[in-house]
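Here are the chains, one letter per residue:
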Amino acid sequence: MKFKVNGKEVEVDVPEDVPLLWVIREELGLLGTKFGCGKAQCGACTVHLDGEARRSCVTAVGDVEGHEITTVEGLDEDGLHAVQQAWVEANVPQCGFCQTGQIMMAAALLAKIPDPTDEHIDAVMSGNLCRCGTYPRIRAAIKRAAELIRDGGEQ
Amino acid sequence: MNRREFLRVSALTTGALVIGVQFSGCSSTKKAQREMEKLAAETGEFAPNMYITVMPDNRVLVAVEKSEMGQGVLTSHAMLVAEELDVPLDQIDAFSADGAPQWGMQMTGGSTSTSQTYIPVRTAAASAKVMLLGAAAAKWGVPAAELEGVDGVVRHAASGRKETYGALAKDAAKQPIPQDPPLKNPADFKVLGKKAIRTDARAKVDGTAVFGMDVVVDGMVNAYIVRPRVMGAKPLSFDGSAAKKEPGVVDVIGFERGVAVLAEKYWQARRAALKLEIEWSDSRHSSMNTAKIRAMGYDAVGGKGTSYHNEGNVKRAMKREGVKTIEAIYEAPFLAHATMSPQNCTAHVRENEVEIWAPTQAPPIAQEVASRITGIPRDKVIAHVTLLGGGFGRRAGPDFVAEAVELSKRCGRPVKVVWSREDDMSGGYYRPFAINKMEGGVDADGKPIAWRYHSVSQPISTDFANWLSVIFPDWMPNITTKVMTRSIGTMFRSGLVPEVISTEGARHVAYDIENQSIEFTPLQTTVPVTFWRSVGHSYNGFVVESFSDELAHLAGEDPFEFRRKHIKDPRLKAVLERAAKEAGWGEPTEEGYGRGIAAHFSFDSYVAEVVEAGLKDGEIDVRRVTCVVDCGVTVNPDIVKANMESSIIFGLSAAIWQKITFEDGVVQQGNFDDYPLMRMFQTPEIDVHIMESNAPPTGVGEPGLPPAAPALANAIFAANGIRMRKMPFVDALADHFEKEG
């Protein structure tokens, strides 16, 4: 089946019901998307499907045929997306394992809601777990990323 | 750093280079000197000790004998080197070193990384700088005292001459290794003591950071192990014929841990595993259930334990005229670590050597286990340490390493084993349960005069005894190793060796109390247990700081004032007072909300926390946590704060929701739906304040955890008079509301 990943057309030959997460990691060799729970409880596997956030661990690869996937590797062509920049500035990551999923979710949030309130952040980001407890910094970094985007950063 | 450099430097750290700064003595230093010169002549790299390599392009590689699990140890090492070597932080590549005996224990835990490495790493860097300046001095014919190192460049102000460290590498390698180089005066620090961006932040946000399960090795197979529902059961027989026919499957192997499907891709192994038919043996764990363990614990706690500390006479004091007494039993369950990355390991057993890539907190344990399984000597086992993806004590374990090694031994190819979340949750090595009885009394003036602690818990040292052989020297014969390990295990099990881990945080009472009795009774179950963030303190903090609160209320005193009056250690009192001040203790709170306070000393650091919380629709709502930490001098205050934030959220998650329970030997929890972690919408505001200090640096990875649970329990009591003595608090509240109506 054919679909786009980070702007490039790819073709994979696997059973339709293989989770997109493993196609991304093993068929395409993109390891930035992580496996944390396998049942959409933790959000570490978050990617964008036609610009919308999706948990790739419960998305069958057959369902994305003909669609566009963005992984963390393709979030910004030239380097760092405003979200990634804000994340580094605020020293958000600790162990780091959940962070690419957090970033993909935050980027999707900001694409829809450029000036999110705490309530927006609570509602949208609560599906992404962080065992190291970086939530307060994630919250601050999302607001900072919103500022960066407003002031002309990458969107 | 590119992979070639990484491999070469890894080879260095397993080689013969002695840490010039730590071991003086003619023959070893001369050998180190020769090796150093040879390396520089051949490659242009300057490596005066195991920590530091100055590359010809002026980058500096820093080998760290600790594992990075989020606590920021790679960054702190880079900063220590940046300071003493005068190199910009972004020119430094810090990485975890392969397992090597020259590093010593090479274990990461106990919040000891900074305290253990603060002086040695700075000394290693200062030593390298002396040699670089010496090389330039010799080259330019000027006194070294006229030279300075700035941003990776040696400069001679008078003449304007300058040269990069990288260009001086070959000459520096000919300089004698100084034994006692001077370290910078903290007043002159440019890097240490300030916020710096984590050296691994970029890789962790752009997806390039390599965790254990991201390792890819040529010729690798991926393994998924189908495990028994009842811990300890083994496959008696299995039918792998259907699984073997599935695409990509290389083999199906039954062994101690279960039945493994080996396939070219992990997703293929997972699919094929569904086609396995397995008959499981019985297991000695199958009679294990939580109700039974609790009953045994409650039964034992009613008696007398082995005495660990005794002052005065608690019984007599409690009977004195005018003394008000209280008795309380506090309960803590088994807990899983739930590292964000499930357990995993990649291993390749070759004819005469083994290579391992593991998210391990203790590469020597990985090497030892691989050596035992394959018969290959430990010095031929290469253990690479990947980013951990969370540790909290779980990753010191040998189990995930043993599996990969065993499977690779059997199939002859590199094998990567990745656990599912369910495997991880039910796979054992938990924080032990604890049932703790407290008795105490206050006199007519409200002074606490009696304090008795009797804890019943499962010692983690019994499991750990099995891994103790890693500290035995290589030359010790196997039979001796086995016998000693068995003896040590027996000693721990019998209670002959003081159970210092289980009683940590309770053995030394923070308060000035004349009559004290500290007792412990071990209760052995078949559940594998181990270190879990803050270890014994993780429940003892809850016990002692809840009980001191109950004594304060018994005395009719404000819980902050009561503690302030009776805490002995001035540093503990100082963090307590600052926390109360920063939290606005005494100011009115919203209706239904209250404040609770707790102060605890652990891992040589002092932490006090004030929690503002209440019940909202019957559920705990934590509004704010104020945390004050005294951890001596700091390397990176922003990372200290991050560790406190982390410990608080970790501790609150456990206190409010978490437990691991058993029913007929089957763990009842499987994923994050039944083992909840705190989520964004539940996260309180957290304010961390660091006490100014020039004391030597002490722990920051764990000390923020012990005060969190009791401060929350104390807040809920202040808010509505409900005293929660059982963790998780949702269970305590359920019990309370059931009793009520």
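Because the structure is a prediction, the values reported are computed rather than measured.

Chemist: Can you tell me about the overall build of chain A, naming the residues and giving the values?
Modeler: Looking only at helices and strands, one finds 5 helices and 5 strands in chain A. Taken from N to C terminus, the helices and strands of chain A fall in the order β-β-α-β-β-β-α-α-α-α. For chain A, whose C-alpha radius of gyration is 15 Å, the value lies close to the compact-globule estimate of 15 Å for 155 residues. A total of 155 residues make up chain A; the buried ones form 59% of that total. In chain A, once contacts between residues fewer than 6 apart in sequence are set aside, the share between residues at least 24 apart is 59%. Taken as a whole, chain A presents about 5,800 Å² of accessible surface, with 45% of it coming from carbon and sulfur.

Chemist: I'd like a description of the overall build of chain B, backed by residues and values.
Modeler: Summing up its helical and strand segments, chain B has 21 helices and 26 strands in all. The C-alpha radius of gyration of chain B comes to 28 Å, within 12% of the 27 Å expected for a compact globule of 741 residues. For chain B, the C-alpha atoms occupy an extent of roughly 85 × 75 × 50 Å along the three principal directions. Across chain B, contacts joining residues at least 24 apart in sequence account for 77% of those joining residues at least 6 apart. Surface exposure of chain B reaches about 27,800 Å², of which carbon and sulfur atoms provide 51%. When the 82 basic and 92 acidic side-chain charges of chain B are each reduced to a single mean position, those positions are 3 Å apart.

Chemist: Can you tell me about the sheet that holds strand β14 (residues 344-349) of chain B, naming the residues and giving the values?
Modeler: All names here are of chain B. An order of β9-β10-β7-β17-β14-β15-β16 is seen for the 7 strands of this open sheet, with the pairing classed as mixed. The sheet terminates laterally at β9 (249-255) and β16 (381-385), the two strands that pair on one side only. Across this sheet, the average inter-strand angle for adjacent strands is 20°, counted without regard to direction. For β14 and strand β15 (residues 354-358), the ladder comprises 4 bridges, and the chain directions are antiparallel. Bridge pairing in β15 places H348 opposite E355. Across the face of the sheet, helix α11 (residues 363-374) comes into contact with β14, β15 and β16 while running at roughly 145° to β16.

Chemist: Pulling in residues and values, what's your account of the pairing of strand β18 (residues 434-442) of chain B?
Modeler: Remember that side chains alternate between the two faces of the sheet whenever the strand is regular. All names here are of chain B. Burial within β18 is extensive, with 9 of its 9 residues counted as buried. Where strand β13 (residues 324-332) lies against β18, 9 bridges are found, and the strand directions are antiparallel. Across the sheet, residue E327 finds its bridge partner in β18, namely E439. The sheet contact formed by β18 and strand β19 (residues 448-457) spans 9 bridges and is antiparallel. The partner of G440 across the bridge, within β19, is W451. Where β18 hands over to β19, the hairpin turn is made up of 5 residues, of which G446 adopts a positive phi near 85°.

Chemist: How would you explain the packing of α11 of chain B against helix α12 (residues 399-411) of chain B if you had to name every residue and give the values?
Modeler: Residue and element names in this part refer to chain B. Across the interface, α11 lies against α12 with an axial gap of 9 Å and an inter-helix angle of 35°. Of the two possible hands of crossing, α11 and α12 adopt the one that is right-handed. Here A366, V369, A370, I373 and T374 of α11 lie close against α12, whose contacting residues are V401, A402, V405, E406 and K409.

Chemist: Tell me about helix α16 (residues 537-554) of chain B, and please be specific about residues and values.
Modeler: Given 3.6 residues per turn, any residue in an α-helix points the same way as the ones three and four places further on. Residues and elements named next belong to chain B. Compared with an ideal rise of 1.5 Å per residue, which puts 18 residues at 26 Å, α16 spans 24 Å between its outermost C-alpha atoms and is within 8% of the ideal. Extensive coverage of α16 is indicated by the burial of 16 of its 18 residues. Once α16 finishes, G556 follows within two positions and takes phi at roughly 70°, a positive value.

Chemist: Before we move on, can you summarise unusual backbone geometry with the specific residues and values?
Modeler: Residue and element names in this part refer to chain B. With an omega of 0°, the peptide bond between M727 and P728 qualifies as cis. With a phi angle near 45°, Q106 is a residue other than glycine that sits in the positive phi range. Checked against the element boundaries, Q106 lands in the loop between β3 (92-96) and α4 (113-140). The backbone phi angle of S111 is positive, close to 55°, even though this residue is not glycine. Its location among the elements puts S111 in the loop between β3 and α4.

Chemist: Please set out the packing of aromatic side chains residue by residue, giving values where relevant.
Modeler: In the structure shown here, the tally under the stated rule is 19 aromatic pairs over all chains. When the centroid spacing of 6.2 Å and the interplanar angle of 40° are considered together, the rings of W451 of chain B and Y511 of chain B count as tilted. Here Y511 of chain B lies in the loop between α15 (478-494) and β20 (515-522) and W451 of chain B lies in strand β19, a separation of 60 residues in the sequence. Over the ring of F650 of chain B we find R131 of chain A; its NZ or CZ atom is 3.8 Å from the centre of that ring. When the ring centre of Y224 of chain B is taken as origin, the NZ or CZ atom of R270 of chain B, which lies over that ring, is 4.3 Å away.

Chemist: How would you explain the environment of A40 of chain A if you had to name every residue and give the values?
Modeler: Residue and element names in this part refer to chain A. As for its position among the elements, A40 is in the loop between α1 (20-27) and β3 (46-49). On the accessibility criterion, A40 (32% relative accessible area) is partly exposed. Separated by 88 residues in sequence, A40 and N128 place their C-alpha atoms 9.2 Å apart. Not counting residues within four places of it along the chain, the set of residues in contact with A40 comprises R55, C57 and V58.

Conventions and cut-offs
- Residues numbered from 1 in each chain as written.
- Chains lettered and ligands numbered in written order.
- Predicted model: local features only at pLDDT ≥ 70, side-chain atom pairs only at ≥ 80, totals over all residues.
- Heavy atoms only, no water.
- Helix = DSSP H or I, 4+ residues; strand = E, 2+ residues; numbered from the N terminus.
- Rg over C-alpha atoms; globule rule 2.2 N^0.38 Å.
- Buried < 20%, exposed > 50% of the residue type's maximum accessible area, 1.4 Å probe, protein only.
- Contact = heavy atoms within 4.5 Å.
- Areas by Shrake-Rupley, 256 points an atom, 1.4 Å probe, with all protein chains shown as cover.
- Lys, Arg positive; Asp, Glu negative; His and termini not counted.
- Charge placed at Lys NZ, Arg CZ, Asp CG, Glu CD.
- Pairing = 2+ DSSP bridges.
- Axes fitted to C-alpha atoms, helices over the stretch in contact; angles between N-to-C directions.
- Left-handed = near helix turned anticlockwise from the far one by under 90°.
- Expected span 1.5 Å × (residues − 1).
- Phe/Tyr/Trp six-rings, centres within 6.5 Å; stacked < 30°, edge-to-face > 60°.
- Lys NZ or Arg CZ within 6 Å of the ring centre and 35° of its normal.

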